[in-house]
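# Remarks on the overall topology
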Amino acid sequence: MPRFNLNVKFPEKDYAKSFGARFDWDNRIWFYEGEKVPRGLAVFYSGPGENVEGYGEGRREVDRGADREANREDHREAYADNNEEANRENNIYNNIEERGTDTRVDNIADNRILNGKRLSEYMTVADFQEQVASLFNTAEYLSVAIRGEVANFDQPDSNGNYWFDLKDKVNGSLLKCVIWSSNTHIMPKVEKMREKPEVAVIGRFKWFEMGGKATLQIFKIAEIGEGVSNLELLQLTQKLEEEGLFDPRHHKKDDEFPKYPKCIGVVTSKSGKAIRDISRNAIQFTKIYLYHSQVQSYSKIQSIVDEMIKGIKLLDEMKEVEVIILGRGGDSNETLMTVYNNEALIRAVFACKTPIISAVGHEGDDPLLDRVADKAFNAPSTAAIFVVKHLKQQVETLENYRNSFKLLMENRISRSNLELNKKVNELNLHSPEKLILEKKSKISGYIQSFGSSLQYQVSDYRRKLEYYKSGIVHAPEGLLVKNKSRLDIQKQNLRVYANGLYEARKNRYMLAVKELNGLSPTAKLINGFGYISRNDNPVNSVKDIDQGDEIQITIHDGVINAEVKNIEKKEV
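For the structure given in this document, a descriptive report is provided here. Keep in mind that what you see is a predicted model, and the values were worked out from it rather than measured. Counting restarts for each chain: residues are numbered from 1 in the order of the written sequence. With pLDDT at 70 or above as the cut-off, local features in this predicted model cover only qualifying residues; side-chain atom pairs require 80 or more to be listed or tallied, and sums for whole chains, interfaces and linings still use all residues. Calculation of side-chain values draws on the structure's entire complement of heavy atoms; hydrogens and water are dropped beforehand.

### Here we look at the overall build of the protein chain
For clarity, the cut-off: The helix and strand labels rest on DSSP assignments: H or I over at least four residues marks a helix, E over at least two residues marks a strand, and numbering proceeds from the N terminus. Only protein chains enter the calculation, and the probe is 1.4 Å; a residue is then buried if its accessible area is under 20% of its type maximum, exposed if over 50%, and partly exposed in between. Pairs of residues are marked as contacts when any of their non-hydrogen atoms sit within 4.5 Å. For every accessible area listed, the method is Shrake-Rupley and the probe measures 1.4 Å; residues are considered covered only by the protein chains on display.
Per the secondary structure count, the protein chain includes 17 helices and 19 strands. Within the span of the protein chain, comprising 572 residues, buried residues form 34% of the whole. Long-range contacts, defined as pairs at least 24 residues apart, comprise 61% of the intrachain contacts of the protein chain with a sequence gap of at least 6. Carbon and sulfur atoms form 51% of the exposed surface of the protein chain, whose accessible area is close to 36200 Å².

### As for a nonpolar patch on the surface
Selection criterion: Candidate patch residues must exceed 30% relative accessible area and have no salt bridge, after which like charges are joined if within 9 Å and Val, Leu, Ile, Met, Phe, Trp or Tyr side chains if within 5 Å. The salt bridge criterion pairs a side-chain nitrogen of Lys or Arg with a carboxyl oxygen of Asp or Glu, the two atoms within 4 Å.
On the surface, a nonpolar cluster with roughly 290 Å² of combined accessible area is contributed by Phe 405, Met 409 and Ile 413. Looking at the secondary structure, you find Met 409 in helix α14 (residues 389-429).

### A closer look at the side chain of Asp 165
Short version of the rule: Polar contact is the term for a pair of N or O atoms within 3.5 Å; when the atoms are in protein, one must be able to donate a hydrogen and the other to accept it, and sequence-neighboring residues count only if both atoms are side-chain atoms.
Inspection of the secondary structure assignment puts Asp 165 in strand β7 (residues 162-167). Within polar-contact distance, the side chain of Asp 165 engages the side chain of Lys 176 at 3.4 Å. Contact partners of Asp 165, with chain neighbours within four places excluded, come to Glu 149, Val 150, Ala 151, Asn 152, Leu 174, Leu 175 and Lys 176.

### With respect to the pattern of salt bridges
All chains considered together, the criterion is met by 18 salt bridges. A salt bridge links Glu 343 to Lys 239, with the nearest nitrogen and oxygen atoms 2.9 Å apart. In this pair, Glu 343 sits in helix α11 (residues 343-351) while Lys 239 sits in helix α7 (residues 228-243), placing the two residues 104 residues apart along the sequence. On the accessibility criterion, Lys 239 (36% relative accessible area) is partly exposed. In this structure, the salt-bridge partner of Glu 243 is Arg 347, at a minimum N-O distance of 2.8 Å. One end of the pair, Glu 243, is in helix α7; the other, Arg 347, is in helix α11, with 104 residues separating them in the sequence. Beyond isolated ion pairs, a larger network of salt bridges with shared partners links Lys 239, Glu 243, Glu 343 and Arg 347.

### Considering the sheet that holds strand β3 (residues 29-33)
This is how it is decided: Two strands pair under a simple rule: DSSP has to find at least two bridges between them. Between the N-to-C directions of two axes lies an angle of 0 to 180 degrees, each axis being a line fitted to C-alpha atoms and, for a helix, fitted only over the stretch in contact.
Ordered by their spatial adjacency, three strands build an open sheet running β1-β3-β2, and the pairing between neighbours is antiparallel. Both outer strands of the open sheet, β1 (3-6) and β2 (22-24), are each paired with one neighbouring strand and no more. Taken over all neighbouring pairs, the strand axes of this sheet differ in orientation by 45 degrees on average, direction set aside. Across four bridges, the pairing between β1 and β3 is antiparallel.

So this is what it looks like as structure tokens:
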């Protein structure tokens, strides 16, 4: 058996129970089980009207609503909470309400005066939403008959429900409506709904407390005729086409747009999404002049149109402005089609001499402004990218050149540093100072080796001499004479060997000293070379001195002061 959930407040529980409503203790919700909801419970039911008994009997249902509301108080008085189940429900409701209000501000600060009222007298948002919901849940809103033009009709949501607006054809007021997925069979064809026909609908109002919005849930819909605004648009389109305003020959081609605009003009709201999108894509390449104009407000259609026309004319008269963009970031399709199908705005765009771009629609929209503008894009960011695309390409090319040049220079500097380090190492390797140090080290080694060798030889001969002395002391006289003779020979040989060794080491030493002196800069001065300086600075080129300058010539045994008489330059 079908089960229908109900929205029953605690003071109305007895009235609901009198029509068979029950409370689900597990899910904490009221419900009714049966084929259809009794008309007495209709005020608590928010589903489709066909689930309510007697639905479709016309105005009588609304009339009975007043009687039912009057009887509701009688039921509340008749059902006292004198049984166990009622008391149990009452305690649960009371506990819920107490837990809910412990954290509210009105119980914490109730004596402060704000705007002439105590804070405790202010309703919370939840209280106000509940009060509005109870107002919309009365019988007079259960079944209402309304007519208007379909507006903002789009694709169904993920659950298959169709959300759209009904528009008043006199003042343009909008009413949010929905046709549930289970009830789409009542709707005319989708293509027909997109043509914005005038329709008559029957439905009930539902106040959604979480979102704070009222929506008309449609149960029946019938087409009255073609919508007034749609007919007017068709007539205007035909009129402007006959006058040639939409002729592509009047549109500026891509090559007629400035490749490198120094300044572009934008007509849009200074606080809207459109100017942010345009600036993000173009401000780094060109200057932007913004004419602030409100672009979204159905109640100020004519004001918006007048401001946009004024902005177009002003920017068109500025010589520095090379391209104009009309931008809009969002809003309902109804506002879009009303503003940007305006005849005065279309004619102002057509009369504009500066290349003008329309960027006010979304994918699938087709305002007349797009047909008269030189170019049309579905987003302001896309229009900005088109305007500065050549500038952006040039900037990217220059940036690539800069990066390539930077990389080339870094590589060249790196190679030069390597080459310089190599030359410095070679210079250090062959420098006179380094060679002198090496020669000094070798000579020191020779001297140390010579001293060690000579000392070893002397020690060896002394040892032998002591040995011979010891032998002589204990030997017979003949042996003594023989050994003395041998000793004299050994002394002679030792003297000759020592003198020879000394002369050889001395010659090697002198050669090393001579070679060392040959590498010394001052030694070269002995051979007729001199060192020229001026004011204690070395003279390396004839460019370092002028005729008449005093110079110093340093030779091995003194300094010669001289005056330059003549200078002869040689080609190198």
